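Here is how the chains run, residue by residue.
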Amino acid sequence: MPEQANRRRFLKLSALMTAASSCTSNKAVEEEGPGQLGKAVSAYGERSPFEKVARMTPDVKNPQVASSRTPLADIYGIITPNSLHFERHHSGVPGINPADHRLMIHGMVDRPLVFTLAELKRLPSVSRVHFVECSGNSGSEWSAKGAPDVIRAHGLASCSEWTGVPLKTLLEEAGVKPEAKWLVAEGADACKMSRSIPLNKAMDDILVAYAQNGEAIRPEQGYPLRLVVPGWEGNINVKWLRRIKVSDTPYYTKDETSKYTELMPDGKAWIFTWPMDAKSFITYPSGGQKVDGAGFLEITGLAWSGRGKIAKVEVSTDGGQTWQAAALQEPVFSRAFTRFRLPWQWDGKEATIVSRAIDETGYVQPAREELGAVRGKNSNYHNNATKPWKIAVDGSVTNA
Ligand code: CO
């Protein structure tokens, strides 16, 4: 029986390939063929002029509200190209000369230290793949309407390979006093973005990063130095990092009191809500796309958890009545985007597709109603509800 199933699938796929190869005999392809010498080498690469995928930038003129979104339905694998990493700044992007930049570590330490970038780069380094997600990501999903496509729903998240020095190394050099429990990290942007961080997280897995996907961190990602706080909300991954003060108490900075708190149904606010809970969504087929006819297609999407590795992603093609396990692309990294895939024969009838992630702690991504039952209607942050898409008989995909 498996053999028969394979042959069926092969026949359907080859029908698609035949259709594709007839397209390739068009004039444009022949004209750009190997018959003539192409362009010379370049010092810094550019993509093909035919590629147009870009960040969504609602307001590029006002540095006080600057944010941009990653087009997660249009990128491949798990790594976000540096040019497409989302941005969220609170007072624009500072232009910092790395030769003039310093990182100071002081407060409750035996030896206050100041590092130049060159000094940091001499220290033992590590590279790790981690997502960064703004806790305001998927904020539009709190409304009954929800967002119509992946970029508006979930584009404030990206995933990179970060390289830098473990913060633990620097803190041990400075000699943390036994009564210290916290630190406050400060950026060199105009608003001096600052966040309190428990010392045990700092001694666990935080990086002081200077590189992203093999090159220096981009200015909008914190050049020349940023914190990477694996799995925790984007805002705490302080960019343009210039100061770490060790303390026995949190600082209750403006970015952890007036913002980035959760207003609960009883009128109280949760503060210091750091980890990003497990989330997933389907990127193909997804809102705004059109499936070109019934037949075979590969459902694919992204999942991640701020509490560890993704253990499983399940996909439903019948609106959540039944679920199938999707394949997870290896390697699966902790606190990183995880690509999932599921082959599917679409019968051409209206269908609602949805994914749900389960992380290695056993946490299951909630449906919108389940999340709302706990969090109420006043929240702005930390929406990790599942995201169903409806495929209509004409193949158009909309927010279900
Ligand atoms: Co939070």
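Residues numbered from 1 in each chain as written. Predicted model: local features only at pLDDT ≥ 70, side-chain atom pairs only at ≥ 80, totals over all residues. Heavy atoms only, no water.

Summing up its helical and strand segments, the chain has seven helices and 23 strands in all. For the chain, whose C-alpha radius of gyration is 23 Å, the value lies close to the compact-globule estimate of 21 Å for 400 residues. By principal-axis analysis of the C-alpha atoms, the chain measures approximately 70 × 65 × 45 Å. Here the chain holds 400 residues, and 48% of them are scored as buried. Intrachain contacts of the chain at a sequence separation of at least 6 include 71% that bridge at least 24 residues. Of the roughly 19800 Å² of accessible surface on the chain, a fraction of 54% belongs to carbon and sulfur atoms. (Helix = DSSP H or I, 4+ residues; strand = E, 2+ residues; numbered from the N terminus. Rg over C-alpha atoms; globule rule 2.2 N^0.38 Å. Buried < 20%, exposed > 50% of the residue type's maximum accessible area, 1.4 Å probe, protein only. Contact = heavy atoms within 4.5 Å. Areas by Shrake-Rupley, 256 points an atom, 1.4 Å probe, with all protein chains shown as cover.)

A word on the nonpolar core. Within the largest apolar cluster, 36 residues are counted, with the highest numbers of intra-cluster contacts made by L103, L167, L170, I197, L227 and I244. For this core, the elements supplying multiple residues, two or more each, are strand 3 (102-107), helix 3 (117-121), helix 5 (167-174), strand 7 (182-187), helix 6 (199-202), strand 9 (207-212) and strand 12 (241-247). Considering each element in turn, this core owes the most residues, four residues, to helix 5. Aside from chain neighbours lying at most four places away, what touches L103 is L113, V114, F115, L120, L170, V208, L225, L241, R242, R243 and I244. (Core = buried A, V, L, I, M, F, W, Y, C linked by side-chain atoms within 4.5 Å.)

As a further point, take the sheet that holds strand 3. The strands that make up a sheet are held in pairs by hydrogen bonds between backbone atoms, and each pair lies either parallel or antiparallel. Across the sheet, five strands lie side by side as 4-3-12-7-8; this open sheet has mixed pairing. Two strands in the sheet have a free side with no partner beyond their single neighbour: strand 4 (113-116) and strand 8 (194-198). The mean inter-strand angle of the sheet, taken between neighbouring strand axes irrespective of direction, is 15°. Pairing of strand 7 with strand 12, which is carried by six bridges, proceeds in the antiparallel orientation. From the neighbouring strand, E186 faces strand 12, where its bridge partner is R243. (Pairing = 2+ DSSP bridges. Axes fitted to C-alpha atoms, helices over the stretch in contact; angles between N-to-C directions.)

Bringing the pairing of strand 8 into the picture now. For a regular strand, side-chain orientation follows a simple rule: the groups alternate between the two sheet faces. Counting buried positions along strand 8 yields five of five residues, so the element is predominantly enclosed. As paired elements, strand 7 and strand 8 share five bridges and run antiparallel to each other. What sits directly across from A185, in strand 8, is R195. Connecting strand 7 to the next strand, strand 8, in antiparallel fashion are six residues, including K192 with a positive phi near 50°.

Moving on, we come to the environment of G222. Summarising the element assignment, G222 is placed in the loop between strand 10 (215-216) and strand 11 (226-228). As a C-alpha pair, G222 and A211 span eleven residues in sequence and 9.9 Å in three-dimensional space. Apart from the residues within four sequence positions on either side, G222 is in contact with I217, K239 and W240.

Here the chain is partitioned into domain 1 (67-260) and domain 2 (279-399). Taking the mean C-alpha position of each, domain 1 and domain 2 sit 28 Å from one another. Across the boundary between the two partners, domain 1 contributes 38 residues, which contact 32 residues of domain 2. Summing the contributions of domain 1 and of domain 2, the shared interface buries around 2700 Å²; its carbon and sulfur component is 56%. Together, I78, F131 and W142 form the three largest contributors to the area buried by domain 1 at its contact with domain 2, with a combined 27%. (Domains from an automatic or database assignment. Buried area = accessible area lost by both parts, 1.4 Å probe.)

Enumeration according to the criterion identifies 21 salt bridges in this entry. With a closest N to O distance of 3.2 Å, K177 and D110 form a salt bridge. Residue K177 is found in the loop between helix 5 and strand 7, and its partner D110 is found in the loop between strand 3 and strand 4; the two are separated by 67 residues along the sequence. Note on K177: relative accessible area 31%, which makes it partly exposed. Residue class for D110 comes out partly exposed when judged on its relative accessible area of 48%. Two residues, E172 and K168, come together in a salt bridge whose shortest N-O distance is 3.3 Å. (Salt bridge = Lys/Arg side-chain N within 4 Å of Asp/Glu carboxyl O.)

Donor atoms from the polypeptide that coordinate the cobalt ion comprise E233 (OE), T273 (O), T273 (OG1) and H382 (NE2), at 2.0 to 2.3 Å from the metal. One way to put it: the four donor atoms around the cobalt ion meet at angles of 75 to 160°, and that makes the site irregular. Counting residues between consecutive donors of the cobalt ion along the chain gives the motif E-x39-T-x108-H. Here H382 lies in the loop between helix 7 (368-375) and strand 22 (389-391) and E233 lies in the loop between strand 11 and strand 12, a separation of 149 residues in the sequence. Of the two residues examined, E233 and H382, each falls in the buried class. (Donors = N, O, S within 2.8 Å, 3.2 Å for Na, K, Ca; no water. Tetrahedral: all angles 85-135°; square planar, octahedral: opposite > 155°, others 65-115°.)

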